[in-house]
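Structural characterization, general
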Amino acid sequence: MAEIHAAEPTRRDFLYVATGAFAAVGAAAAVWPLIDQMNPDASVLALASIEVDISKIPVGQEITIKWRGKPVFIRHRSEEEIKAAESVDIAELRDPQTDDVRLVKGASGQLEKQWLVLIGICTHLGCVPLAYKGEFNGYFCPCHGSVYDTSGRIRKGPAPLNLEVPPYKFVSDSKIQIG
Amino acid sequence: MTQKMTKTFRIGFASKLVGVAAFGALALGLTFGASAPAQAAGGEAALKHVEWSFNGPFGTYDRNALRRGYKVYKEVCSTCHAMSMVHFRNLAEKGGPEFTPAEVKAIAAGYKVQDGPDSSGEMFERPGEGKDPFPSPYPNDEAAAASLGAAPPDLSLIAKAREGGADYIYTLLNGYEEAPADVKVPAGGNYNPVFAVGNGIIAMPKPLNDGQVDYTDGTPNTAEQMSKDVAQFLMWAAEPKLEQRHRLGLQVVIYLIALAGILYFATRKVWADQH
Amino acid sequence: MSGHSTYNPSNGFTRWLDARLPILRLSHDTAVSYPVPKNLNYWWTFGGVLTFCLGVQIITGIVLAMHYIPQTELAFKSVESIMRDVNYGWLLRYVHANGASMFFIAVYVHMFRGLYYGSYKAPREVLWILGCLIYLLMMATAFFGYVLPWGQMSFWGATVITNLFGAIPLVGESLRTWLWGGFAVGDPTLNRFFSLHYLFPFLIAGVVILHIWALHVTGQNNPAGVEVKNKDQDTVPFTPYATVKDAFGLSLFAILFAYFVFFNPNGLGDVENYVVANALKTPPHIVPEWYLLPFYAILRAVPDKLAGVVLMFGAIAVLFVLPWLDTSKVRSARFRPLYKQFFWIHVVVCLALGWCGAQSPDTVIAQVGEIGFTVTHLARILASYYFLHFIVLFPLLGLIEKTKPLPESISASVLGAKS
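Residues numbered from 1 in each chain as written. Chains lettered and ligands numbered in written order. Predicted model: local features only at pLDDT ≥ 70, side-chain atom pairs only at ≥ 80, totals over all residues. Heavy atoms only, no water.

1. Quick word on the overall build of chain B
- A count of helices and strands for chain B gives 9 helices and 4 strands.
- Secondary structure elements of chain B, listed N to C terminal, follow the sequence α-α-α-α-β-β-α-α-α-β-β-α-α.
- Within chain B, buried positions represent 43% of all 275 residues.
- A total accessible area of about 13,500 Å² is found for chain B, and carbon and sulfur atoms account for 58% of it. (Helix = DSSP H or I, 4+ residues; strand = E, 2+ residues; numbered from the N terminus. Buried < 20%, exposed > 50% of the residue type's maximum accessible area, 1.4 Å probe, protein only. Areas by Shrake-Rupley, 256 points an atom, 1.4 Å probe, with all protein chains shown as cover.)

Here you go:
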């Protein structure tokens, strides 16, 4: 049709362009719900954030809970574990991070050094590491031998990054909210 | 030439309009015609029609009524009736009673919900959270029927599961009467002519009496007012997306009318050389 | 009617593609240059409307299937979860449920258009039969789909209809057990109905392609019922003439659709389906969705169960052979004054049958002295007319009717309308 009609836009062409544009806007608006329905729904989002009571975890032990379908380690660190984590030369680490940046401030405003919260998924290929195993008494992943320290940082083995710290905060001294 | 073109075109357009209107009328007719049988049964009283704020294409819920209605549900109805499809978090969502997240947390924590098994394999009770549904007063229908004589229906969808919706609930709650002399009311039954499916005999005793629930917003707490509020609350429970639906609907219909208008002129232009 | 392809690939890429897979040529020939009679009225836009409806149902259906759970314990809850939790879930569900009704509104208009203008007559018999096949597949799809929410009507409607198969002599019981996958409608039934409900729309799409192919071989019928004599004088290219007109018609249809989805989403449904299915409690009135009511009325009108089933399917089967029942040489009811009157009587009869299907069979409509004239009596009269119309009137009218003079050609009829 382009060959037959004149090249300059006529009033007729403007009407067609306007029609097409108007219809396209409607089509785009109609497509959005089809895409958005695949986003997490309200019932999934309700589980996106959980509260965990940490008051029953003794020093030197940890629990594993499920958050957003993933394991989360909550470790009540002893003084030795905290000291061991702080006395590492950051420059030697594959994924350099101080212990402090991997911790969160409590209700008092001070860093809660005794509480370590980590996503329990090895950053190599996704296995769940074992706690209190390995040379540093941190974590050991049995799949390919990655070794993490008492701050969850990678020290030996093939994993490229430290164990991920999920977003969490202290709701009170005995409760944390993850997510 | 233009005059004749337009006239011929208009005839076609008119017949299309007639067609659409006819089928609209047919559809509406079937809407009401097809629903007739449910009202034909028994000799039930006519439904009272309330001017609900959510009626009509621009209807919205009355937030205060929803909050009062929730209180009535909690203090009266939830003793026997479950509402298992509604979650505590729904109470904070837009288009509903819109309690604050903190209020919802407190409301949920006031309920006991079953969870588990724990590490020793036992089920346990814990305070409710936003993600939990309203707990059922009985573990299942059989237990409810054993305890009460008949299983009280779950109220999550009751406003959409009965002809007349909120009007029916309102009329039913206000419909309790003395049985006429020629009607025998069996033990455990109550007379309510609105309850057509049971021929006027309903297992639920009159649930609402004046002053039964305290209203904190100053609204008079008559049984009639409480029935109105709980009916509106149950309508929301059944149709929580009503306000979004009306809002989006208005935008869509306005858009489509505009689109139809543009397409009308485009069609005329295209066909101009044919007439 | 298709004639010679006028497609001319305009650049290197389109020439390259055309030599390997002439899909652009096919699209051009089918939807751009394809000639349509210039006198088509708005009743001819419903084919496009139906294609739109099929697309909407498939798309919303696929998306709903991402959230629906086809198990009796979870189905009802999963639908409510869609309505309450899934983003825009309420919209998708209401579009799909009301879309089914809109699909049937459009198909009935489309079919009655065919009956009025004689679109079923030679050389369009196969086109008509394919259409009847689409209609049959639509009814099956809708039946399977209605069971899925697992409400009271879902369960009991499924029970009633599958029980009908039990009426077939010899094989009926085995057939019914085979359909159920058990001894009553249950989990196996629900699961297989879900699978079939997902499948059938694609069968429909396949038959629709054949339907459009058959259409393009003979070309459209038109309101005058007179065949195209001169392509240049009698027809216009599909694009832009029919494209824009179909789009306009579709936009009006969409307004009706939007009214139902947004402002009356449950008006065409049954409240009973918001009660979860209970095998031990039958609802007071078991009623199918409105678009199946006329056939339901015919089924119930017949006292014998097997005969009722036969006549119900017969009412659909008779449609397939219409091209051979009608003896008239004239196609369009515009020029068949007697047939036109019976056409409208038939429309009213179908609507009235639908009304009967919704009523309780023993409801008395009028008291005639001692005898109550019930819905069943009326349904019998109406059903008799329905069959009479096709089996007796179609052959008879063609022989005895005095038709009006036909226009010379389509272009003549268009010019005639102007003056």
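So that's the structure; there's more coming.
2. Some details on the overall build of chain C
- Of regular secondary structure, chain C possesses 17 helices and 4 strands.
- Relative to the globule expectation of 22 Å for 419 residues, the C-alpha radius of gyration of chain C, 24 Å, shows essentially globular dimensions.
- Dimensions of chain C along its principal axes, counting C-alpha atoms only, are 65 × 65 × 45 Å.
- In chain C, which comprises 419 residues, the proportion classed as buried is 56%.
- Restricting to contacts in chain C with at least 6 residues of sequence separation, those with at least 24 account for 78%.
- Working note: accessible area of chain C is about 18,100 Å², and carbon and sulfur atoms make up 69% of it. (Rg over C-alpha atoms; globule rule 2.2 N^0.38 Å. Contact = heavy atoms within 4.5 Å.)

3. Overview of the pairing of strand S9 (residues 168-172) of chain A
Residue and element names in this part refer to chain A.
- By the bridge criterion, 4 bridges tie S9 to strand S10 (residues 175-178) in an arrangement that is antiparallel. Within S10, the residue paired with Ser 172 across the bridge is Lys 175.
- Where S9 folds back onto S10 in an antiparallel hairpin, the turn is made up of 2 residues. (Pairing = 2+ DSSP bridges.)

4. Brief notes about the nonpolar core
- Among the nonpolar cores identified, the biggest contains 186 residues, and C:Phe104, C:Tyr108, C:Leu115 and C:Tyr386 are the most heavily contacted of them.
- Tallying contributions element by element places helix H5 (residues 89-117) of chain C first for this core, with 19 residues.
- Residues in contact with C:Leu115, not counting those within four places in the same chain, are C:Tyr120, C:Trp128, C:Leu322, C:Tyr339, C:Phe343, C:His346, C:Phe390 and C:Phe394.
- One finds A:Ile65, A:Ile74, A:Phe170 and A:Ile178 within the second-largest nonpolar core, a separate group that totals 15 residues. (Core = buried A, V, L, I, M, F, W, Y, C linked by side-chain atoms within 4.5 Å.)

5. A closer look at a nonpolar patch on the surface
Residues and elements named next belong to chain C.
- On the surface, Leu 338, Leu 388, Ile 391, Val 392, Leu 396, Leu 399 and Ile 400 cluster together into a nonpolar patch covering about 620 Å² of accessible area.
- Inspection of the secondary structure puts Ile 391 in helix H16 (residues 375-400).
- Of the residues examined, Ile 391 reaches a relative accessible area of 47% and is grouped as partly exposed. (Patch = residues over 30% accessible without salt bridge, like charges linked within 9 Å, V, L, I, M, F, W, Y side chains within 5 Å. Salt bridge = Lys/Arg side-chain N within 4 Å of Asp/Glu carboxyl O.)

6. Remarks on the confidence of the model for chain C
- Averaged over chain C, the pLDDT score is 95; the fraction of residues at 70 or greater is 99%.
- Scored by ipTM, the complex comes to 0.93, with pTM at 0.90. (pLDDT = per-residue confidence, 0-100.)

7. Some thoughts on empty space enclosed by the protein
All names here are of chain C.
- Across all of its chains, the model carries 5 cavities of 30 Å³ or more by this definition.
- In this structure, the largest cavity occupies an estimated 170 Å³ of space.
- Lining the largest cavity we find 17 residues, and of these Phe 143, Tyr 146, Gly 157, Ile 161 and Pro 288 sit closest to its centre.
- Of all the secondary structure elements, the ones that give two or more residues to the lining of the largest cavity are helix H6 (125-147) and helix H7 (152-165).
- Counting residues per element, the lining of the largest cavity draws most heavily on H7, which supplies 6 residues. (1 Å grid on protein atoms, 1.4 Å probe; cavity = no way out; pocket = protein on both sides within 12 Å on 5 of 7 lines; lining within 4 Å. Points joined across faces, edges and corners; volume = space filled by probe spheres on them.)

8. Points about the packing of aromatic side chains
- Within the structure shown, the criterion is met by 51 aromatic pairs over all chains.
- An angle of 15 degrees between the planes, with centres 5.4 Å apart, marks the rings of B:Trp52 and B:Phe54 as stacked. You'll find B:Trp52 and B:Phe54 in the same group, each marked buried.
- A network of ring pairs unites the aromatic residues B:Tyr70, B:Tyr73, B:Phe88, B:Phe99, B:Tyr111, B:Phe134, B:Phe233 and B:Trp236 as a single cluster.
- In this structure, A:Arg75 is placed above the aromatic ring of A:Tyr139, and the distance from its NZ or CZ to the ring centre is 4.5 Å.
- A cation over a ring is seen here: C:Lys245 above B:Trp271, with NZ or CZ 4.9 Å from the ring centre. (Phe/Tyr/Trp six-rings, centres within 6.5 Å; stacked < 30°, edge-to-face > 60°. Lys NZ or Arg CZ within 6 Å of the ring centre and 35° of its normal.)

9. A closer look at the sheet that holds strand S1 (residues 50-53) of chain A
Residues and elements named next belong to chain A.
- If you trace the 3 strands from one edge of the open sheet to the other, you get S1-S10-S9, paired in antiparallel fashion. Bordering the open sheet on either side are S1 and S9, each of which pairs with just one other strand. Neighbour-to-neighbour, the strand axes of this sheet turn through a mean angle of 30 degrees, independent of strand direction. (Axes fitted to C-alpha atoms, helices over the stretch in contact; angles between N-to-C directions.)

10. Some details on the interface of chain B and chain A
- Chain B puts 14 residues into the contact, and the matching count from chain A is 13 residues.
- Overall, the association of chain B and chain A removes approximately 1,100 Å² of surface from exposure, summing both partners, and the carbon and sulfur fraction of that is 72%.
- Taken as a group, B:Tyr255, B:Ile262 and B:Lys269 account for 44% of the area that chain B buries against chain A, more than any other trio of residues on that side.
- Inspection of the region where chain B meets chain A yields 1 salt bridge.
- We note a salt bridge from B:Lys105 to A:Glu51, for which the minimum N-O separation is 3.2 Å.
- At the boundary of chain B with chain A, the tally comes to 3 residue pairs in polar contact (both at pLDDT 80 or more).
- The element that contributes the greatest number of residues to the side of chain B that touches chain A is helix H9 (residues 242-271) of chain B, accounting for 9 residues. (Buried area = accessible area lost by both parts, 1.4 Å probe. Polar contact = N/O pair within 3.5 Å; in protein donor to acceptor, adjacent residues only side chain to side chain.)

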